[in-house]
Amino acid sequence: MKSQFSKLLVATAMLMFLSVSLAASSSPCKFPAIFNFGDSNSDTGGLSALFGQARLPHGESYFHSPAGRYCDGRLVIDFIANSLELPFLSAYLDSVGSNFTHGANFATAGSTIRPQNTTIRQSGFSPVSLDVQYNEFYDFQPRSQTTRSRGGVFEQLMPKAEDFSRALYAFDIGQNDLTSGLFLNMSITQVKAYVPDVLNQFNSIVKYVYNQGGRYFWIHNTGPIGCLPYVLDRLPIPAAQVDKAGCATPYNKLARFFNRGLKQAVVQLRKELPLAAITYVDVYSAKYSLISQPQKHGFKQPIRACCGHGGKYNFNKHIGCGGKIRVHGKDVLVGKACQDPSLWVNWDGVHFTEAANKRVFDQIVDGSLSDPPTPLKFACHGKQQQTH
Ligand SMILES: *[C@@H]1O[C@H](CO)[C@@H](O)[C@H](O)[C@H]1NC(C)=O
Ligand SMILES: *[C@@H]1O[C@H](CO)[C@@H](O)[C@H](O)[C@H]1NC(C)=O
Ligand SMILES: *[C@@H]1O[C@H](CO)[C@@H](O)[C@H](O)[C@H]1NC(C)=O
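Residues numbered from 1 in each chain as written. Chains lettered and ligands numbered in written order. Predicted model: local features only at pLDDT ≥ 70, side-chain atom pairs only at ≥ 80, totals over all residues. Heavy atoms only, no water.

Check the Sequence similarities (unreviewed entry) section of the UniProt entry for the protein; it says "Belongs to the 'GDSL' lipolytic enzyme family." (UniProt positions renumbered as here; feature names shortened; annotations may be inferred.)

Here the focus is the state of the cysteines. Overall, the coordinates contain 4 disulfides when judged by the stated rule. Each disulfide pairs two cysteine sulfurs, and for C29 the partner residue is C380, the sulfurs being separated by 2.1 Å. Because the sign of the S-S torsion sets the handedness, a value of about -95° for the bond joining C29 and C380 places this disulfide among the left-handed ones. Separated by 351 residues along the polypeptide, C29 in the loop between α1 (2–26) and β1 (34–38) and C380 in the segment after β10 (370–371) bring together distant segments of the chain. On the accessibility criterion, C29 (14% relative accessible area) is buried. By relative accessible area, C380 is classed as buried at 16%. The disulfide that involves C307 links it to C321, with 2.1 Å between the sulfurs. (Disulfide = S-S within 2.5 Å. Helix = DSSP H or I, 4+ residues; strand = E, 2+ residues; numbered from the N terminus. Buried < 20%, exposed > 50% of the residue type's maximum accessible area, 1.4 Å probe, protein only.)

In this section: the site of ligand 1. Around ligand 1, the neighbouring residues are R114, P115, Q116 and N117. N117 places a side-chain nitrogen or oxygen 2.3 Å from an oxygen atom of ligand 1. Computed on the free molecule, ligand 1 has an accessible area of 360 Å², of which 40% lies beneath the protein chains in the complex. The residue makeup of the shell around ligand 1, split by class, is 1 nonpolar, 2 polar and 1 charged. (Near = heavy atom within 4 Å. Polar contact = N/O pair within 3.5 Å; in protein donor to acceptor, adjacent residues only side chain to side chain. Areas by Shrake-Rupley, 256 points an atom, 1.4 Å probe, with all protein chains shown as cover. Nonpolar A, V, L, I, M, F, W, Y, C, P; charged D, E, K, R; others polar.)

Right, let's get into the pattern of salt bridges. Under the definition given, this model contains 12 salt bridges. Measuring nitrogen to oxygen at the nearest pair gives 2.9 Å for the salt bridge that ties R143 to D139. Residue R143 and its partner D139 are located together in helix α5 (residues 130–148), separated by 4 residues, close to a single helical turn. With a shortest N-O distance of 2.8 Å, E272 and K207 are connected by a salt bridge. (Salt bridge = Lys/Arg side-chain N within 4 Å of Asp/Glu carboxyl O.)

It is worth spelling out the pairing of β1 at this point. The element β1 is extensively covered by neighbouring structure, given that 5 of its 5 residues are classed as buried. Neither face of β1 is exposed, since I34, N36 and G38 on one face and F35 and F37 on the opposite face are all buried. Pairing of β1 with strand β3 (residues 168–172) involves 5 bridges; the strand directions are parallel. Note that in β3 the partner of F37 across the bridge is F171. (Pairing = 2+ DSSP bridges.)

Turning next to the site of ligand 2. The immediate surroundings of ligand 2 are formed by N99, T101, H102, V153, Q156 and L157. With respect to ligand 2, the backbone of Q156 contributes an N or O atom lying 2.7 Å from a nitrogen atom. For ligand 2, the accessible surface in isolation is 360 Å², of which the surrounding protein chains cover 52%. For the shell around ligand 2, the residue count by class is 2 nonpolar, 4 polar and no charged.

With that out of the way, let us pick up the packing of helix α8 (residues 188–211) against helix α10 (residues 249–272). When two helices pack together, their arrangement is given by the angle between the helix axes and the distance between those axes. α10 packs onto α8 with a crossing angle of 30° between their chain directions and a minimal axis gap of 10 Å. Overall, the two elements α8 and α10 adopt an arrangement that is roughly parallel. Judged by the twist between their axes, the crossing of α8 over α10 is right-handed. Between α8, through I188, V191, K192, V195, V198, L199, F202, N203, V206 and K207, and α10, the contact on the second element is made entirely by P250, Y251, L254, F257, F258, G261, L262, A265, Q268, L269 and E272. The class makeup of the residues in the contact of α8 with α10 is 15 nonpolar, 3 polar and 3 charged. (Axes fitted to C-alpha atoms, helices over the stretch in contact; angles between N-to-C directions. Parallel < 35°, antiparallel > 145°, perpendicular 65-115°, else oblique. Left-handed = near helix turned anticlockwise from the far one by under 90°. Contact = heavy atoms within 4.5 Å.)

When you tally the buried positions in helix α7 (residues 175–183), you get 9 out of 9 residues, the bulk of the element. Elements that come into contact with the buried residues of α7 comprise α8, α9 (229–234) and α10.

Our next topic: the sheet that holds β3. Taken together, the 6 strands give an open sheet; going across it, the order is β2-β1-β3-β4-β5-β10, and neighbouring strands pair in mixed fashion. Because the sheet does not close on itself, it has two edges, and the strands there are β2 (103–105) and β10. Inspection of the sheet shows strand β5 (residues 277–281) paired to β10 by 2 bridges, in the antiparallel sense. Each bridged residue has a counterpart across the sheet, and for Y280 the counterpart in β10 is D371.

What follows is about the side chain of N259. Within the fold, N259 resides in helix α10. Discounting chain neighbours no more than four positions away, the residues touching N259 are N221, T222, Y280 and Y284.

Attention now goes to a positive patch on the surface. On the surface, a cluster of positive charge is contributed by K192, K253, R256 and R260. If one sorts the elements of the positive patch by residue count, α10 sits on top with 3 residues. Looking at the secondary structure, you find K253 in helix α10. (Patch = residues over 30% accessible without salt bridge, like charges linked within 9 Å, V, L, I, M, F, W, Y side chains within 5 Å. Lys, Arg positive; Asp, Glu negative; His and termini not counted. Charge placed at Lys NZ, Arg CZ, Asp CG, Glu CD.)

This paragraph deals with α5. With 19 residues, α5 extends 26 Å between its outermost C-alpha atoms, agreeing within 8% with the 27 Å of an ideal straight helix rising 1.5 Å per residue. Along α5, the positions that sit buried rather than exposed are L130, Q133, Y134, E136, F137, F140, Q141, S144 and R148. Residues of α5 that are buried sit in contact with β1, β2, α6 (163–166), β3 and α8. (Expected span 1.5 Å × (residues − 1).)

Attention now goes to the packing of aromatic side chains. Taken as a whole and assessed by the stated rule, the structure comprises 28 aromatic pairs. An angle of 85° between the planes, with centres 5.7 Å apart, marks the rings of F137 and Y169 as edge-to-face. On the criterion of sequence distance, the pair formed by F137 in helix α5 and Y169 in strand β3 is long-range, its members being 32 residues apart. F137 gets classed as buried once you look at its relative accessible area, which sits at 0%. (Phe/Tyr/Trp six-rings, centres within 6.5 Å; stacked < 30°, edge-to-face > 60°.)

Now the structure itself:
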């Protein structure tokens, strides 16, 4: 009797222990902040603060005014912040009205991982490459605390010291490292040859952030660049290399080449950063799905730009969305050509519409496109479920 009872006790204790540890590993992470690094895919006002606002109709569908985003509304990072019950991220470079209590956004449109040897006027790429974004973060960490310690309103504008190690560190960058070489007329082979250097520099930055206390990393891979009007228009390819969805296969293959390297880089990082939880998110597949099966996701037009001017793709690199053209001696805004952006995947030839960003977010939030397959809310538990 007694031994049966103690067996039962042991079994109960074991069950309790199991359920406690399961609950621990399956409880949501409660990220208090997000620090984001990236390009226009996640820029919430950085480039606009430096070089002038992204003009209307950017921002029109959701913010009803320019909002520092190259989109008619919200970006994937906005949906991420929202689902973690955090406010939209202020751009670090925006000195007007910013509030960094729940994080900061270092992304700027046109950013690359590697610093470029051209100016933004020459090539359109941002001077705020990933190394610069890291410098900003490195400076922000101690200075935000000095500012916070002044109390009053300052305390309500800066993150708590302990939030840096509990925050989500999000990355969405690399697309411009590919297009920068292509736009300099490099061959795909030449671009592939420098991808390892790009990935090395990416890895270094993730390690620097880890050394500053960052633990939870959410890393987006790069999208199908061969489906974007600004690539299709500028770098035309023979019809035989266009797939059923209307995308340029060689450029998409290049993006996937980069992504394979990025995934390997993440595997390497997990070995080197034992306390990190790193989630690799296959945004490529989410985006390609919208373009190759638009109806499935509720879209009518997968490739043509909603806001732009002329040509096969309603895109002209000299006359962008929100720009002006002269018609019969009058300046006319380059606005929306499409009635309803929520039925279009592409916004301005380079970026997705808010509706498309929402569909991308819906596909990635549950972890089904991630490695490990961890939902966003559990991305601080990456380690236990790692699949190498
Ligand atoms: C810029 O020039 C330096 C020195 O020649 C070179 O090492 C670097 O790779 C170049 N960067 C890019 C993005 O081409
Ligand atoms: C900054 O945002 C936080 C969280 O939304 C809020 O509690 C705080 O009051 C804001 N600060 C100011 C100065 O408005
Ligand atoms: C790339 O090639 C095109 C077409 O030959 C040319 O017009 C353009 O100036 C070249 N661009 C660069 C950066 O060399």
